[in-house]
Structures are given as structure tokens and as C-alpha cells.
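Single-letter residue listing:
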Amino acid sequence: MQQQQQQTHDISPWNENNDDIKTVTEQQVDEFKTSYEDFQQQQNLYKKQKSIKVNTTNCRGETRLIRKLIVKNNWKEVFNDGDVCWLGLPFKYQNFEEYFTQYVNRFPGMDLLAHKTQSSFYLNKFAQYFPDEYEFFPKTYIIPDEIDKFQQEYKSTRTYIAKPDAGSQGDGIYLIKKLKDIKTNESMVIQQYISKPLLIDKKKFDLRLYVLITSLDPYLCYINKEGLARFCTVDYEQPNDKNLRNPFMHLTNYSLNKKSTNFQFYNGKNILDINEGTKRTYSSIQKNLEILGYNNQDVENQIDSLIVAYLKSLLPFLAFNQKLVFQKRVAEVKCFQVLGFDILLDEKGKPWLLEVNSNPSLQIEHEVYATNGKSVFEESYIDSYVKELVMGDAIKLAMIPKEDQEELPGFQSYRKLDVDATETIFSKMMQLYGFLSGYKFQEYLTSSKFQKLSNFPQMTSQTFLKHDYDLLFRKIILKSCNNNQMDFFQFINALEQLANRLNQDLEEMLDRLNQNF
């Protein structure tokens, strides 16, 4: 009995007297519908792990959360070699050796893939090749590269939203109804705006859901049962000339809405219940959806399908980056990473992917104002509950051997996702790019390396000669900031044009070239 009380306390310290909160064991059985024996198997796997030593030398804004987890789980904080090395910033070469001796919370290259322009590019490409699987994100244009295409397809009856590539926390985002409002000198993405979102309490909101990747081979991915809902602070109206510039109505970013005088901190007893806070738990939103007549299982299935498709598109790029960095030692690497998926539900309950964050905020404090007008930081119960659950179970799960993970349907607050890891046409493109670049980290292609393709059989024709490779190369990189080199995303465009100029099937051409290498 004492053990059960302690487990309940660990899950939600501020709800320990609430009879509605169940023990951990009951949560696993009731919510994940696993047998008690399966749950015991999960617990036994975790118990086999020694007390975890967490290296916090490179922690940043997440330091308080990590230290709280260390205390809560009786782990040990160290400042050199540990079992887990926590990086507050993306992979850098000075962290190279740590990937072989410790579990590191970063995959090399993930930060680049999660940039708005690059993620938009490969999602658009996957939608081009697999249209039925990629209908979960708004029509997206990469600016300035696709400004001509956007201007051709622009409709004055629609609203669009512009997001700077390097922006975060809502900085620089604005809505567009007129072409003249576009800042064409900036790198950004423009998307069709979802003008009929699902509303709760008359306000627009989005979901921040957490997805964990613990291995690329085998590809092991999980989604957490919990998450956050971030609300606007002004009642929603469809965009018009009067409200178009009102961020508190149209943008759900917490960093923006916390500045609103309408922002509401949640001060209730049970954060899993329906409430009126500007930031809420996903569990509480599911109760709202049920009352509104939506089927939570249907919504969950659609969200799972969306995330699985995104993860499928991510794999070839992640695997390639890992091989570039670690070369022949790639099998020795210990990586895991938690991604933040921002999802909007429309009025029909369909989920739309807005953005994927490779570095979701792990802060567990919020800013409040005292009676004297000065701001102070205090713990956010909602952030603490969700992020302790997400990151604590992520660390435990990542340290379970891969072969044991393959047998588990999930672990504690995480449910396994079934992601198809079979080779796609993009895997073949990456392989060819690797051959040409020599599998060097962050290597780009020069014109001479690209022209190597012309040396292979059937790679020239009467209308496309060897010197035309240089012309195609320069045409592709014309809009690039790096005027002499081609990156992988430009290489995809070059291959498509090359197959067209040679009148060949792209996938057959790739198979033939990769065999020659």
C-alpha cells in the first residue's frame, strides 16, 4: 500500500488527495489496455537498470527539469562521463566521443531537418510521390524559391500565414490576405491558413504532443499519452481586415499569449480535469472533445497516422546524417530524441500538422506578476506534470536495450508507433548523394562532383551532353546563398530534371546508378 501511495505522489504531487487519480499500475492497465504481466515486464526491465548517472554539463534551459527528475528517481548528477549525456544544444563535433559511451538526447542533423523551410521541402516532396499519405499539412510554399508558384496559385478569398525560417516562439509570424503584404526578401514558408479551427470556450488552440525516437535501426518510435494545449486569449473570429493583425486571436504560441491581459493561469486542484486555463493538459482537452461529440479514438488514430507518415519521411535523412557523422562506428552510437509536434484540429476534428520542433521547450516555470508589478518566476504545475512524464519516461525507455524494446508495445506513458522503415525513392537519392559526396559530414556537391554522373552508361543523350550537367547545376543553385555548391534538397530537384531531360524513369535511373557505385 505504501508503494502505491508513493507512485501516486510521483505522478502528480499537487493531486495526491484527489480520489480520481489512480495508481501507476492501474493507469497502465486501464489506459493502455495492457495486461498486468506486460506492465510487470516493463517494470522489471527498468529495475534492471542501475541508478542512472546524468551528465548535466551541457544542460541549458532544461536544467531545473533534469535536476528535478534526478531527485525524483534517485538518479545521480555528474559532470563528466555518465550513463546519459544531456545536450541543451544540437550536436557539435566536440560531443562526438560521448555518443559511444553515453546515451545522448540528440540525433545529428535533426535541428536542420526541423527548420521550417527544409521540413516543408521534404514534406512537399513526399506529398508529390505519395499523395494519399501526406494530406495532413496545409498547402505550403517555400519563399523566395517558390514565390512565382505562390503568386500563380494565390487566391484573394483565402488567408495565408507567413512563418520566418529562423523564427521561434511566434516571432515574425503574420497573416496575409494581399500579395503586397509578403516580405519577399526573407527566407520563410507561407501556408494556407486553417480558417475554421475547432474551438473550445470560443477560442482557438493547438496541441503540443511529444514523440520519442530511440533508434534508427531498428526504427523505434513512441508517442506520449500526455501533452499540452495552448490557447489564444481572444475569442476567435474568421480573419478579416480588422482582426488580421491580432496575434492573441490567431496565434496560439504561449510566448505571445502570456503577454495578454486575458492570460489565465490554472490554479485548480486537478490539472487533468476540464478547466479555463490558457495552457492545459491534453487529457483535459480529451474530456472537452468528448462533451463536444468528437470521438477521441478517431482523433487519436488520425494523429497517429499523421505522425507515422512524418516519421517515415524523416528516416532516410536522419539515417544518412548519422552515417555521415559516425561512419563505420554508426552501430555503436546511443541516441534518442524527443520531438514536439504542433497539431491543430479543425472544426471537423481533422488534425493538421503545423510544425515539428526538434528542441521543444523543457522549462517548467512561468512568469507571474506580483502586486507591486514586478515579475517573478514560479513553477508551472501543468508544465512540470507533462514534462516530467515525457522526459523521465523517455530517459528510462531509451536505456532499455533495443532488442527488448522491439518486444514491448510501449513503456509507462509511451505507446509504440508502427512506422514503415522500408526503403523509399528518397533513400536511394540519399545513397547516391553519399557516393558522390564521399559521405563527408555536411558535405555539399560541387559542379565537378555532380558531373561524375555523366560518366555512367545511359546518362547522356543526343540532346543532353556532358557539358549540360554544369548548366543544370548552375540553374539549380541560382537562388542559393551558397552559389558554388549544391545541397541534398537541391540535388533532389536536379535528379528530377535530369531524369526528365534523359526521358528516363527516375527510380530505375537511381537503381542503375547505385549499382554502378
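Because the structure is a prediction, the values reported are computed rather than measured. (Residues numbered from 1 in each chain as written. Predicted model: local features only at pLDDT ≥ 70, side-chain atom pairs only at ≥ 80, totals over all residues. Heavy atoms only, no water.)

### Regarding the sheet that holds strand S1 (residues 53–58)
Ordered in space as S2-S1-S3-S4, the 4 strands form an open sheet in which the pairing is parallel. With one partner strand each, in any of the chains shown, strand S2 (76–78) and strand S4 (103–104) form the two edges of the open sheet. Relative to S2, S1 is paired through 3 bridges, and the arrangement is parallel. Each residue of the ladder has a partner; that of Asn55, found in S2, is Val78. Of the strands in this sheet, S1, S2 and strand S3 (84–87) touch helix H4 (residues 63–72), which is tilted by about 160 degrees from S1. (Pairing = 2+ DSSP bridges. Helix = DSSP H or I, 4+ residues; strand = E, 2+ residues; numbered from the N terminus. Contact = heavy atoms within 4.5 Å. Axes fitted to C-alpha atoms, helices over the stretch in contact; angles between N-to-C directions.)

### What about helix H18 (residues 488–501)?
The terminal C-alpha atoms of H18 lie 20 Å apart, and with 14 residues this matches the ideal 20 Å at 1.5 Å per residue to within 8%. Counting buried residues in H18 gives 10 out of 14 residues, a clear majority hidden from the surface. When we look at burial in H18, the residues that qualify are Phe488, Phe489, Gln490, Phe491, Ile492, Ala494, Leu495, Glu496, Leu498 and Ala499. Between the side-chain oxygen at the start of H18 and the backbone nitrogen of Phe489 there is a gap of 3.2 Å, and the oxygen is on Asp487. (Expected span 1.5 Å × (residues − 1). Buried < 20%, exposed > 50% of the residue type's maximum accessible area, 1.4 Å probe, protein only. Polar contact = N/O pair within 3.5 Å; in protein donor to acceptor, adjacent residues only side chain to side chain.)

### Comments concerning the pairing of S3
Residue alternation in S3 divides its side chains into two sets, Val84 and Trp86 and Cys85 and Leu87, and both sets are buried. Where S3 and S4 come together, 2 bridges link them in parallel fashion. Opposite Val84, over in S4, you have Tyr103 as the bridge partner.

### Structural notes on the pairing of strand S11 (residues 219–231)
Where burial is concerned, most of S11 is hidden: 13 out of the 13 residues are buried. Pairing of strand S10 (residues 203–216) with S11, which is carried by 10 bridges, proceeds in the antiparallel orientation. Paired with Leu212 across the two strands is Tyr222, which belongs to S11. Counting the residues between successive antiparallel strands, the hairpin from S10 to S11 contains 2 residues. Sheet analysis places S11 next to strand S18 (residues 414–417), joined by 4 bridges and oriented antiparallel. For Ile223, the partnering residue across the bridge sits in S18 and is Arg415. Both S11 and strand S12 (residues 279–281) contribute to a ladder of 3 bridges, which runs antiparallel. Directly across from Ala229, in S12, lies its bridge partner Arg280.

### Some words on the side chain of Ser437
Mapped onto the fold, Ser437 is located in helix H15 (residues 425–437). For Ser437, a relative accessible area of 2% gives the class buried. Of the polar contacts made by the side chain of Ser437, one reaches the backbone oxygen of Gly434; its length is 3.4 Å. Discounting chain neighbours no more than four positions away, the residues touching Ser437 are Glu443, Leu445 and Lys449.

### Structural notes on the nonpolar core
Ile213, Ile307, Leu311, Leu314, Phe341, Leu353 and Phe491 are the most contacted members of the largest nonpolar core, which totals 94 residues. A per-element tally of this core places helix H12 (residues 296–326) first, with 16 residues. With near-sequence residues (within four places) excluded, Leu353 lies in contact with Leu123, Phe136, Phe137, Pro138, Leu306, Tyr310, Phe341, Asp342 and Ile343. Of all hydrophobic cores here, the second largest spans 37 residues; its members include Ile364, Leu389, Ile395 and Leu408. (Core = buried A, V, L, I, M, F, W, Y, C linked by side-chain atoms within 4.5 Å.)

### Here we look at the pattern of salt bridges
Under the definition given, this model contains 28 salt bridges. Residue Asp383 is joined to Lys387 by a salt bridge in which the shortest nitrogen-to-oxygen separation is 3.0 Å. Taken together, the positions of Asp383 and Lys387, both in helix H13 (residues 381–398) and 4 residues apart, correspond to about one turn of that helix. One exposure class covers both Asp383 and Lys387, and it is buried. The partner of Lys396 in a salt bridge is Asp393, with the nearest N and O atoms 4.0 Å apart. On the criterion of helical spacing, the pair formed by Lys396 and Asp393 is a turn pair, its members being 3 residues apart in helix H13. On the accessibility criterion, Lys396 (9% relative accessible area) is buried. Salt bridges linked by common partners bring Arg64, Lys68, Lys72, Glu365, Glu379 and Glu388 together as one network. (Salt bridge = Lys/Arg side-chain N within 4 Å of Asp/Glu carboxyl O.)

### Some details on unusual backbone geometry
Pro144 follows Ile143 through a cis peptide bond whose omega is 15 degrees. The peptide bond linking Asp217 to Pro218 adopts the cis configuration, its omega dihedral lying at 5 degrees. With respect to the element layout, Pro218 can be found in the loop between S10 and S11. Despite not being glycine, Asn74 has its phi angle at roughly 60 degrees, a positive value. Structurally, Asn74 is set in the loop between H4 and S2. The phi torsion at Gln327 lies on the positive side, around 50 degrees, for a residue other than glycine. Its place among the elements puts Gln327 in the loop between H12 and strand S13 (337–345).

### Some remarks on the packing of H15 against helix H19 (residues 506–516)
Packed helix pairs are specified by the crossing angle of their axes together with the interaxial distance, meaning the distance between the axes. At a closest axis distance of 10 Å, the pairing of H15 and H19 adopts a crossing angle of 40 degrees. Put simply, H15 runs oblique to H19. In this structure, H15 meets H19 at a crossing whose hand is left-handed. Touching Ile425, Lys428, Met429, Gln431, Leu432 and Phe435 of H15 are Leu506, Glu507, Leu510, Asp511, Leu513 and Asn514, all from H19. Residues that form the contact of H15 with H19 fall into these classes: 7 nonpolar, 2 polar and 3 charged. (Parallel < 35°, antiparallel > 145°, perpendicular 65-115°, else oblique. Left-handed = near helix turned anticlockwise from the far one by under 90°. Nonpolar A, V, L, I, M, F, W, Y, C, P; charged D, E, K, R; others polar.)

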